[in-house]
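Examining the three-dimensional arrangement
Residues per chain are reported as follows:
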Amino acid sequence: MMKPSMLRSAVSRCSQLSRRGYATNPVPERKVVVLGAAGGIGQPLSLLMKLNPLVSSLSLYDIAGTPGVAAAVSHINTRSEVVGYQGEEQLGKALEGADIVIIPAGVPRKPGMTRDDLFNINAGIVKGLCSAIAKYCPHALVNMISNPVNSTVPIAAEVFKKAGTYDERRLFGVTTLDVVRAKTFYAGKAKVPVAEVNVPVVGGHAGITILPLFSQATPQANLDHDLIQALTKRTQDGGTEVVEAKAGKGSATLSMAYAGAIFADACLKSLNGVPDVVECSYVQSSVTDLPFFASKVRLGKNGWDEVLGLGTLSDFGNQGLENLKGELQSSIEKGIKFANQ
Ligand SMILES: NC(=O)C1=CN([C@@H]2O[C@H](COP(=O)(O)OP(=O)(O)OC[C@H]3O[C@@H](n4cnc5c(N)ncnc54)[C@H](O)[C@@H]3O)[C@@H](O)[C@H]2O)C=CC1
Ligand SMILES: O=C([O-])CC(=O)C(=O)O
């Protein structure tokens, strides 16, 4: 068991490491809101955000269960003040003054379902939450986790457009878990240290729309075509692997919380002026003919500064890109249509 003194020194080491490279001192005040904070992702994500020294105010909102989560998290002796909010009448207060809103609210998959099968429930949840964001914190960066991400991000964009608050640079679909998986699976096969691995993952966040570019992975390894094909399939099916292993008890929560915390930390750093923070994310894009697309984006003080191109694709990558376009386009259209009903 870890002794309290060890945990304290780990947290302190963590804060020292995180502070390195920050352009401003003292660290600015930043409010982070988690919508869906009492859920399977929401709880560990709230914990990880409480450990982030860049957060000064942590607002935990859910339709139920937040007082307990907030009470537990608030006892951790790190910088941020934690407040729990429960029920729609408290949503405005939860959001006011937010710099970043992370949204893992909504139902997860069960075995046999696709992410699109969640649309009927989650589209409405996301629409409602985004209307509140437009009203109470229109300048916040939005990190959308709720599935189907390929549609929920276009829904959010439409809601913000209607409210007159849309700024494409502030809306992000969180695809970091695809990158996390691609790195892990690649490191295992390429026999390279996982901490050194980088793999861009582009496209979207469902099945074949998830396109890991292993030909651009670093450190480079001479993996044969069959292995690259297998790694691609495993990354695309990573979510389903967890859904099946959980056998009806939901989908990835802990690894998603980790991925969500990485992405939110990147947003916080760039808001604070750290230059050249680059992450993959599903954003409004002109990299392909699709209006939303995941690729590397350079983050800045006001959201993303630049959507980076795809680089040189292998034949396999090009084929994957062509194969995903139809599905991604129809998921985008479905979201836009729903938001405008
Ligand atoms: N982008 C990604 O890579 C990933 C996305 N997901 C998605 O994240 C979502 C959440 O997954 P879990 O946390 O496992 O589900 P969960 O069911 O454990 O938690 C969802 C939480 O959302 C809350 N909620 C429902 N309606 C709400 C509303 N109107 N306002 C605020 N909160 C509301 C629920 O009360 C619950 O606490 C799912 O849609 C899942 O598919 C999951 C894993 C990875
Ligand atoms: O697979 C799911 O339903 C949840 C998810 O998006 C993931 O784990 O990548």
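In this convention, every chain numbers its residues from 1, walking through the sequence in written order. Following the order in which they are written, the chains are lettered starting with A and the ligands numbered starting with 1. Note on the predicted model: pLDDT of at least 70 is required for a residue's local features to be given, and 80 or more for side-chain atom pairs to be given and counted; whole-chain, interface and lining totals, by contrast, use all residues.

1. Side note on the overall build of the protein
So the rule is basically this: In this description a helix means any DSSP run of H or I spanning at least four residues, a strand means any run of E spanning at least two, and both kinds are numbered starting from the N terminus. All radius of gyration figures rest on C-alpha atoms, and the globule criterion is 2.2 Å times the number of residues raised to 0.38. Counting other C-beta atoms within 10 Å of a residue's C-beta gives its exposure: the residue is buried at 20 or more, exposed at 12 or fewer, and partly exposed in between, where C-beta atoms are placed from the backbone.
Each helix and strand counted, the protein has 11 helices and 11 strands in total. Its C-alpha atoms give the protein a radius of gyration of 19 Å, near enough to 20 Å, the size a compact globule of 341 residues would have. Along the first, second and third principal axes, the C-alpha set of the protein runs to 50 × 50 × 40 Å. Counting over 341 residues, the protein shows a buried share of 47%.

2. Focus: the site of ligand 2
Our working definition: Throughout this description, a residue near a molecule or strand is one whose C-beta atom, derived from the backbone, lies within 6 Å of it. Nonpolar residues are Ala, Val, Leu, Ile, Met, Phe, Trp, Tyr, Cys and Pro. Charged residues are Asp, Glu, Lys and Arg, and all others, Gly as well, are polar. An automatic or database domain assignment supplies the start and end points of every domain.
Taken together, Pro108, Arg109, Arg115, Asn147, Leu177, Gly238, Gly239, Thr240, Val242, Val243, Ser251 and Ala252 are the residues near ligand 2. The greatest single-element share of the shell around ligand 2, amounting to 5 residues, is contributed by helix H9 (residues 238–246). Class assignment of the residues belonging to the shell around ligand 2 gives a composition of 5 nonpolar, 5 polar and 2 charged. Split by domain, the shell around ligand 2 shows at least three residues from each of two domains, domain 1 (31–174) and domain 2 (175–340).

3. Section: the UniProt feature "domain: Lactate/malate dehydrogenase N-terminal" (unreviewed entry) in the protein
As a reminder, the rule being used: UniProt positions are given in the numbering used here, feature names are shortened, and annotations may be inferred rather than shown by experiment.
The residues that UniProt annotates with the feature "domain: Lactate/malate dehydrogenase N-terminal" (unreviewed entry) are residues 31–173. The distance separating the terminal C-alpha atoms of residues 31–173 is 19 Å; by composition the span is 39% helix and 20% strand.

4. Remarks on the packing of helix H2 (residues 42–50) against helix H10 (residues 254–271)
Quick note on the threshold: Note on definitions: angles span 0 to 180 degrees between N-to-C directions of axes, and those axes are lines fitted to C-alpha atoms, for helices only across the stretch in contact. It is the rotation of the near helix from the far one that decides the hand of a crossing: anticlockwise by less than a right angle makes it left-handed, clockwise makes it right-handed. Working definition of a contact: two residues with C-beta atoms, positioned from the backbone, lying within 7 Å.
Interaxial distance between H2 and H10 falls to 8 Å at its minimum, and their mutual angle equals 35°. Handedness of the H2/H10 crossing: right-handed. Taken together, the residues of H10 that come into contact with H2 (itself represented by Pro44, Leu45, Leu48 and Met49) are Leu254, Ala257, Tyr258, Gly260, Ala261 and Ala264.

5. Remarks on the domain arrangement of the protein
Entries for the protein in the domain assignment read domain 1 (31–174) and domain 2 (175–340). Between the C-alpha centres of domain 1 and domain 2 the distance comes to 21 Å. Among the secondary structure elements, those contributing two or more residues to the side of domain 1 that touches domain 2 are H2, strand E4 (100–103), helix H5 (119–136), strand E5 (141–144), helix H6 (149–163) and strand E6 (171–173). For the side of domain 1 that touches domain 2, the element with the most residues is H6, which contributes 10 residues. Tallied by class, residues from the side of domain 1 that touches domain 2 come to 26 nonpolar, 8 polar and 11 charged.

6. Side note on the nonpolar core
Selection rule: Any nonpolar core is a set of buried residues, restricted to Ala, Val, Leu, Ile, Met, Phe, Trp, Tyr and Cys, that join up through C-beta atoms within 7 Å.
Ranked by internal contacts, the top residues of the largest apolar core, which has 98 residues, are Val33, Ile100, Val101, Ile102, Ile103, Val142 and Ala156. Both of domain 1 (31–174) and domain 2 (175–340) provide at least three residues apiece to this core. Here valine 101 is in contact with Val33, Leu35, Leu95, Ile133, Cys137, Ala140 and Val142, once residues within four sequence places are set aside.

7. Quick look at unusual backbone geometry
Most peptide bonds take the trans form, and the phi angle of most residues other than glycine is negative. Cis geometry is found at the peptide bond from asparagine 147 to proline 148, where omega equals -5°. Assignment of secondary structure puts proline 148 in the loop between E5 and H6. For the bond running from threonine 218 to proline 219, omega is -10°, close enough to zero to count as cis. One non-glycine residue, alanine 247, lies in positive phi territory at about 50°. Phi is positive for aspartate 276, close to 60°, though the residue is something other than glycine. Examined against the element boundaries, aspartate 276 turns out to sit in the loop between H10 and strand E9 (277–284). Since 9 C-beta atoms lie within 10 Å of it, aspartate 276 is described here as exposed.

8. Considerations on the site of ligand 1
Around ligand 1 there are 33 residues in total, and Gly36, Gly39, Gly40, Ala105 and Asn147 lie nearest to it. With 4 residues, the top contributor of residues to the shell around ligand 1 is H5. Mapped onto the domain boundaries, the shell around ligand 1 takes at least three residues apiece from domain 1 (31–174) and domain 2 (175–340).

9. Looking at the pairing of strand E2 (residues 57–62)
What counts here: Look down the strands so they point away from you; if going from the first strand over the helix to the second traces a clockwise path, that crossover is right-handed. Here, any two strands with at least 2 DSSP bridges between them count as paired.
Of all 6 residues that make up E2, 5 are buried, and the element is covered over most of its length. Read as a crossover between parallel neighbours, the route from strand E1 (residues 31–35) over H2 to E2 is right-handed. Examined bridge by bridge, E2 and strand E3 (residues 81–86) share 6 bridges and lie parallel to one another. By the bridge assignment for E3, leucine 60 is matched with glycine 84. For the segment spanning E2, helix H3 (residues 66–74) and E3, crossover handedness is right-handed.

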